[in-house]
Structures are given as structure tokens and as C-alpha cells.
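# Per-entry structural report
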Number of protein chains: 2
Amino acid sequence: MADIALSASLEDYLEAIYTIVSEKQAARAKDIADKLKVHRSSVTNALHELSDRLLINYAPYDIVTLTDKGRAVGADIVRRHEILSEFFVKVLAVDEALADRTACEMEHVVPRPVLDRFIRFVEYVETCPRGGAKWIKGFAHYCTEGASLDDCEHCVEACLVDVRKRKNQGETNSMAVALTTLNPGQRARVTKVKGRGPVSQRIRAMGITPGAVMEIERVAPLGDPVDIKVRGYHLSLRREDLDGIEVECLAGPVGKPVEL
Amino acid sequence: MADIALSASLEDYLEAIYTIVSEKQAARAKDIADKLKVHRSSVTNALHELSDRLLINYAPYDIVTLTDKGRAVGADIVRRHEILSEFFVKVLAVDEALADRTACEMEHVVPRPVLDRFIRFVEYVETCPRGGAKWIKGFAHYCTEGASLDDCEHCVEACLVDVRKRKNQGETNSMAVALTTLNPGQRARVTKVKGRGPVSQRIRAMGITPGAVMEIERVAPLGDPVDIKVRGYHLSLRREDLDGIEVECLAGPVGKPVEL
DNA sequence: TGGTAATATTTGACAAGTCAAACTTTCGCG
DNA sequence: CGCGAAAGTTTGACTTGTCAAATATTACCA
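Since the model is a prediction, treat every value here as computed from it, not as a measurement.

## Considering helix H7 (residues 132–145) of chain B
- With 14 residues, H7 of chain B should reach 20 Å at 1.5 Å per residue; the first-to-last C-alpha distance of 20 Å fits that figure.
- Taken as a whole, H7 of chain B has its buried residues at Gly-132, Trp-135, Ile-136, Phe-139, Tyr-142 and Cys-143 of chain B. The buried residues of H7 of chain B occupy one face: seen down the axis, they fall within an arc of 105°. Structural note: H7 of chain B exposes Thr-144 and Glu-145 of chain B on the side pointing more than 90 degrees away from its buried face.
- Elements that come into contact with the buried residues of H7 of chain B comprise helix H6 (112–127) of chain A together with helix H4 (68–91) and helix H6 (112–127) of chain B.

Here it is as C-alpha cells:
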């Protein structure tokens, strides 16, 4: 019944349920208790709360599954988590375990607009020629060894060479690649979203706009539903939805984080 | 007596007291209540807690001041807050009010090592020739208008020109500037910390190491105690402490944030 | 089918934090 | 001085979240 925003604690429960349900079919109270390192009785409490809010299907002694609403809210929480964690790992070069723990705490408090900036920033860093993997590596080096600012000129020169190279390649082969030809793991930047129909409208609404970086997560055997990740959202699109989307390929993801 | 870590709530109280005491001489319960938008009776509670922990000087009906320990802990909380807020404003181009609110929530949960990365990253972005004010401006533009990746070549070329210009300047005038000749507001990067004595040891321990960016906050009339900010710490150093520190000047701070 | 172990739930206690209302102290001003 | 308003405190109630212990249910195996 209650419909006020979830507390941090309840968000944690829902998130745990979401990830457990993603792996298995359904969640048992014990799985949740173990995952959150909390007493089983606390879980029962939380389940009642979440059930009251119509986020989970639950009856005493029964197994837990998500309602549609719960799935949506859960996905959103996971998204927040992933975005932050990704930022820590990819940009701040924090090691994954710590990134994850920190994201866990932060996900409850970072407001939407700031979250959006985190996404954009990762995109920007990975995409802008002045950023990129090398630049981030330079940051990791800066953190561990201190600054070495002698070879800045070389660094920027190398950067310029890269841009020119990429530009020439771009003119010959990387324009308007069809999304379905890309392999899982590959990343691409949206260059254009054609069409004005409701479908392309929906696509734009989901964050697929020019400049957005998308990652191909999975292509079904027949090549039809393509799972992608854009702006933190995991989307599953059908082939015909993809026709209006032009992309250009990007290099692989940015380097590994540094142990803290 | 109790000496366990402060809760988020108590940290907020202590932070509020710290800032109020910085402005006036001492804090009244009402000031705190107003600042935190909390009932007066809740403040009394918190004051007891903080007093038990020897962080504040407090007696019923009396005014509140900080103990040395409280000042230290309070300064640390404020530092965490400032670091995060600065990151949001300077890097993510978030507007100041929102940055402040977000920092307020986050300051309680971000672990030290990650916090350190935030500092370093701001330094890196402001310092690395491939970053800098222009680059951040490009990010703000990217957030509001979407990507424009046509003139990347020009952008990097301009960047290269800047590096070379700076390099030439560097060779003629910016090496080994004395800290005391700098004006308030000016920023500089530490290039060397000379000496092996206990003083230079202490200086290094406070984060003044080669590569660190420092900002001059205030120079006393006689030029002697110089207030600086390094790695989020506000320090007050005497002239003789500064002798072993070589710096080079940096351009002004990075541009203004974008309204969200 | 019955019994045991694993799993869930209920209950009660507790800690932190908040507010509202009643009460006390302080302070300034006529 | 003394009175009233402002500020501070105490008390009690309530919320959220936790755990531990007692109790209940389920599942599995002989």
C-alpha cells in the first residue's frame, strides 16, 4: 500500500532480491540474509514491507519473486549501482571490490542529475580524443608515482597523431555501421537516430541519442534481439528498431584499476 | 567516553557546529537546529553525545565550542565535504547548490582511498595539459548539447600549441617561484620539497609532495603565516617552513558549472 | 509415514534518531 | 528588580532497523 520512497535499507533488500532472482529463478530468505549479512528475521520484516509496496510476490514460508513494478525499481537501483561502480573503476582507477562497496553506499544518496553527470563523464572521458585509455592510465600513474610532467609535449603530440589516424579511418570505413554487425563486448557511439516515428521517439527517450556510447552485450543466435547497454540502461532491441540507429565503432574499454 | 565512529547524523551535527563556530565565536543550539532543519530537542540529544565523546565543550544551557579533538574531527568532515563538492562543481559541472547537497549525503559514506582519488583526479584534470578548463568546458557542452566531434583535430592542435607555449614560458620564468610571492587565489603545483629534516617530513606528510596542487588562501599582512589549501587540507605555514618548497604557477581554476 | 534438519516466522528487546509538549533557565528591557 | 519572551531541556511517543530466542513450517530421506 504505502508508496513513499524506499529507505536505503529497503533498497538494499530489493537490490539483493533483484540480483538473486537474476541468477536463480527466485530468492529464498536465507539467500538474502547471507548476501546482506543480516539476520533472517530482519529479512522477513523487509519482505513484508516490500510486499506491502507491491514490489515483490511474497507469502509467508514461500519463495520470493519480483512484480513488474519491483523489477523496474530493482533495475533502477542496480543501474545506479553500476554507474557509480563503473565510474570508480574506469575513471578513478579504484579496484573493483572497493568500487563495488562504495557504490553500494552511494547508490542511495546520489540524485538523478548528478548520476547523469557521472554517466556522461565516463562517456566523455572514453570518447574524447584528449581523454581515452592512455590518459586514464596517466592518471593511475599520477596516483601511484606522482606527476611526471616532462613529456607532456610528447603525450599531446601522440594524441594528435591518434586523432588524425582515427579521422582518416573514419572517412573510409567507420561511418554508419549497422548495429547488428557488431560483436558482443564491442562499444560504439551513436552518430544519428533517424526517423520521427514513435519507435525512434522511444529510442531517444531511452537515452540513445547522438553521442551516447553503447555497448553490445549479447546478440541472440538468430541475430534478432540485441541486448545493449546505454547510459546505464540494459535494453533489448529488435532488429527493426535498430535500423534507424547509426553508430561508429570505438576502441575497447579503458584500462584496469589500481589496487588501493 | 564512547569512542566508536560517529554516525552520519552526529557527523552532521559536528559539521554544523564546526561551520557555525568558524563564523561566530560559539554555536547556540538554535543555530544548529536551524542549520540542520531539526527540532531543538534533537540538538540537545546530539550535544550530549558529542560531549560524551569529548568533541565539544558543552554544559546545559551553555553555549557550544569545540575541543581540540572536535576541531580536528570537524575539519576532517568539512574536508570530505569540500573535496566532493569541488569535484562535482569543477569536474562534473554540477551547479553549486546541488553539489553541496549531494556532498552532504556522500561525505559520510565515501571511504578514504576513494576520497583520495577524487582529490587526485581534480588535480589531474586541472593540471594535465590534455585536461584543463577548456576540456571541462567541452564536457559541459557535451552534457547540454550533445557531442560535437568534428573539430577534435583542431581541439587537440590548440592543446598542443598551449603545451608548447607553457613549456617555453616555463623555461624562462616559472621555475622555483617562492611561495610567499604568490597572491591569494593563485594556484601552484609543487615541483620539489627540499630537505630531510622533521619539518619537511611533516610537510610531506600533510600532502605537500611533488605534483600536489596548492592554492594560496591568505597571506598575513607581514607575509608570514600563509594559509594554503592542499589536497583538501587547509594549512597555515610559517615562512621558514616554505623555504624548501618549490612550486610553479598554474592558470586560474576551471570554469563554472552548468545549471541542471 | 515419520522424524530430523534446514529454513522461516514471530515475538520481544534494543539502539538511534526524530518530534511535540510541558517545563526550566536565561536574558533583556521597562 | 521583575516579568515576559526566547532559548534550552526533559520526557514520552513513535519510527526504522537490527538481533536473539522461541516457535512454526517445510523438505527430504529412510
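## What to know about the relation of the copies chain A and chain B
- With an RMSD of 0.1 Å, chain A superimposes on chain B once it is rotated by 180° and translated 0.0 Å along the axis. Interpreted geometrically, this transformation is the action of a two-fold axis. Among all C-alpha atoms of chain A, that of Arg-130 of chain A lies closest to the rotation axis, at 2.7 Å.
- A share of 100% of the interface residues of chain A reappears at the interface of chain B, consistent with the copies meeting face to face through the same patch.

## Description of the protein's contact with DNA strand C
- Residues in contact with DNA strand C amount to 19 residues; listed here are only the nearest, Arg-28 and Ser-41 of chain A together with Ser-7, His-39 and Ser-41 of chain B.
- Listed by contribution, the elements that provide at least two residues to the surface near DNA strand C are helix H2 (29–36) and helix H3 (40–52) of chain A together with helix H1 (8–23) and helix H3 (40–52) of chain B.
- For the surface near DNA strand C, a count of residues per class yields 8 nonpolar, 8 polar and 3 charged.

## Overview of the protein's contact with DNA strand D
- Residues in close proximity to DNA strand D total 19 residues, the closest being Ser-7 and His-39 of chain A together with Arg-28, Lys-30 and Ser-41 of chain B.
- Here the surface near DNA strand D is built from residues that sort into 8 nonpolar, 8 polar and 3 charged.

## Re the interface of chain A and chain B
- Counting residues at the interface gives 41 residues for chain A, matched by 41 residues for chain B.
- For the side of chain A that touches chain B, the elements supplying multiple residues, two or more each, are helix H5 (96–106), H6, helix H7 (132–145) and helix H8 (152–174) of chain A.
- Residue contributions to the side of chain A that touches chain B peak at 10 residues, all from H8 of chain A.

## Regarding the domain arrangement of chain A
- Segmenting chain A into domains produces domain 1 (1–109), domain 2 (132–173) and domain 3 (177–249).
- For domain 1 of chain A versus domain 3 of chain A, the distance between C-alpha centres works out to 28 Å.

## Here we look at the environment of Glu-153 of chain A
- Inspection of the secondary structure puts Glu-153 of chain A in helix H8.
- Judged by the 14 C-beta atoms lying within 10 Å of it, Glu-153 of chain A falls in the partly exposed class.
- Residue contacts for Glu-153 of chain A: discarding those within four places in its chain leaves Val-163, Arg-164 and Lys-167 of chain B.

## Quick notes on unusual backbone geometry
- Of note, Arg-231 of chain A is a non-glycine position whose phi angle comes to about 50°, a positive value.
- Mapped onto the secondary structure, Arg-231 of chain A falls in the loop between strand E5 (226–230) and strand E6 (233–237).
- Phi is positive for Tyr-61 of chain B, close to 70°, though the residue is something other than glycine.

## A look at the pairing of E6 of chain A
- Sheet analysis places E5 of chain A next to E6 of chain A, joined by 5 bridges and oriented antiparallel. Note that in E6 of chain A the partner of Val-230 of chain A across the bridge is Tyr-233 of chain A.

## As for the sheet that holds strand E4 (residues 213–219) of chain A
Residue and element names in this part refer to chain A.
- Within the open sheet, the 5 strands sit side by side as E6-E5-E4-E3-E7. Their pairing is antiparallel. In the strand order of this sheet, the two ends are held by E6 and strand E7 (245–250), each with one partner. Each strand of the sheet is rotated relative to its neighbour by a mean of 40°, with strand direction disregarded.
- As judged from the 3 bridges shared by strand E3 (residues 187–193) and E4, these two strands associate in the antiparallel manner. Pairing of Arg-187 across the sheet is with Glu-215, part of E4.

## With respect to the sheet that holds strand E6 (residues 233–237) of chain B
All names here are of chain B.
- Pairing within the open sheet is antiparallel, and its 5 strands lie in the order E6-E5-E4-E3-E7. For this open sheet the edge positions go to E6 and strand E7 (245–249), each flanked by a neighbour on one side alone. Within the sheet, the average angular offset between the axes of one strand and its neighbour, ignoring direction, is 40°.

## With respect to the packing of helix H1 (residues 8–23) of chain A against H2 of chain A
Residue and element names in this part refer to chain A.
- Taken N-terminus to C-terminus, the directions of H1 and H2 make an angle of 115°; their axes are 10 Å apart at the nearest point. Viewed along their axes, H1 and H2 form a crossing whose handedness is right-handed. Across the interface between the two elements, Asp-12, Tyr-13, Ala-16, Ile-17 and Ile-20 of H1 pack against Asp-31, Ile-32, Lys-35 and Leu-36 of H2.
- When its residues are assigned to classes, the contact of H1 with H2 shows 6 nonpolar, no polar and 3 charged.

## A few points about the packing of H2 of chain A against H3 of chain A
All names here are of chain A.
- Relative orientation of the contacting elements H2 and H3 amounts to 110°, with a least axis distance of 9 Å. Taken together, H2 and H3 sit at an angle that is classed as roughly perpendicular. For the crossing formed where H2 meets H3, the hand is right-handed. In contact with Ala-29, Lys-30, Ile-32 and Ala-33 of H2, H3 contributes Arg-40, Val-43, Thr-44 and Leu-47.
- Residues of the contact of H2 with H3, tallied by class, amount to 5 nonpolar, 1 polar and 2 charged.

## A word on helix H4 (residues 68–91) of chain A
- For H4 of chain A, with 24 residues, the first-to-last C-alpha span of 34 Å sits near the 34 Å given by 1.5 Å per residue.
- Positioned one or two residues after H4 of chain A, Ala-93 of chain A has a phi angle of 60°, which is positive.

Conventions adopted
- Residues numbered from 1 in each chain as written.
- Chains lettered and ligands numbered in written order.
- Predicted model: local features only at pLDDT ≥ 70, side-chain atom pairs only at ≥ 80, totals over all residues.
- Helix = DSSP H or I, 4+ residues; strand = E, 2+ residues; numbered from the N terminus.
- Expected span 1.5 Å × (residues − 1).
- Buried ≥ 20, exposed ≤ 12 C-beta atoms within 10 Å, placed from the backbone.
- Arc of directions from axis to C-beta.
- Contact = placed C-beta atoms within 7 Å.
- Least-squares fit on C-alpha atoms with pLDDT ≥ 70 in both.
- Near = placed C-beta within 6 Å.
- Nonpolar A, V, L, I, M, F, W, Y, C, P; charged D, E, K, R; others polar.
- Domains from an automatic or database assignment.
- Pairing = 2+ DSSP bridges.
- Axes fitted to C-alpha atoms, helices over the stretch in contact; angles between N-to-C directions.
- Left-handed = near helix turned anticlockwise from the far one by under 90°.
- Parallel < 35°, antiparallel > 145°, perpendicular 65-115°, else oblique.

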